[in-house]
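Structural characterization, general
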Amino acid sequence: MKSTGIVRPIDKLGRIVLPKELRDALHLVENESSVEFYTDGDTIVLKKYMPACIFCNSADNMIEYNGMKICKDCFDKMNQLFLQKED
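What this report covers is the structure whose coordinates are included nearby.

Cut-off values and rules
- Residues numbered from 1 in each chain as written.
- Predicted model: local features only at pLDDT ≥ 70, side-chain atom pairs only at ≥ 80, totals over all residues.
- Heavy atoms only, no water.
- Patch = residues over 30% accessible without salt bridge, like charges linked within 9 Å, V, L, I, M, F, W, Y side chains within 5 Å.
- Areas by Shrake-Rupley, 256 points an atom, 1.4 Å probe, with all protein chains shown as cover.
- Salt bridge = Lys/Arg side-chain N within 4 Å of Asp/Glu carboxyl O.
- Helix = DSSP H or I, 4+ residues; strand = E, 2+ residues; numbered from the N terminus.
- Buried < 20%, exposed > 50% of the residue type's maximum accessible area, 1.4 Å probe, protein only.
- 1 Å grid on protein atoms, 1.4 Å probe; cavity = no way out; pocket = protein on both sides within 12 Å on 5 of 7 lines; lining within 4 Å.
- Points joined across faces, edges and corners; volume = space filled by probe spheres on them.
- Nonpolar A, V, L, I, M, F, W, Y, C, P; charged D, E, K, R; others polar.

1. Looking at a nonpolar patch on the surface
Where nonpolar side chains cluster on the molecular surface, the patch consists of Ile10, Ile16, Phe37, Ile44 and Leu46 and spans about 540 Å² of accessible area. Positionally, Ile10 belongs in the segment before helix H1 (20-25). The class for Ile10 is exposed, based on a relative accessible area of 62%.

Quick look at the structure:
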């Protein structure tokens, strides 16, 4: 895990503001994106919530690759494209 060096206060309602640079880097869009919370001891991790395939939005037969969720059908289609390029 890498530190960003950004520190934000927590307001009276327990809210924090995610810096614009982080929202832009993770493609977090107001009123469209969600974040998922994880804990590990005294550490809180926020992760962009992606319940479905990044290509077709299907939630069936999911595979996670480099933090991205891809359905098996799209994964198979990508493999076929790569195999065709090698020929």
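On we go.
2. Focus on the layout of surface pockets
Rolled over the atoms, a probe with the dimensions of a water molecule shows which regions are left empty. Quantified by volume, the largest pocket comes out at close to 980 Å³. Only H1, strand S1 (35-40) and strand S2 (43-48) provide two or more residues apiece to the lining of the largest pocket. Sort the elements by how many residues they give to the lining of the largest pocket and S2 lands first, with six residues. Classifying every residue of the lining of the largest pocket by side-chain character gives 19 nonpolar, seven polar and six charged. Empty space within the second largest pocket amounts to approximately 150 Å³. Contributing to the lining of the second largest pocket are Ile16, Val17, Leu18, Arg23, Val35, Phe37 and Leu46. Each residue belonging to the lining of the second largest pocket can be placed in one class, and the counts come to six nonpolar, no polar and one charged.

Remember, this is a structural readout, not a statement about activity or role.
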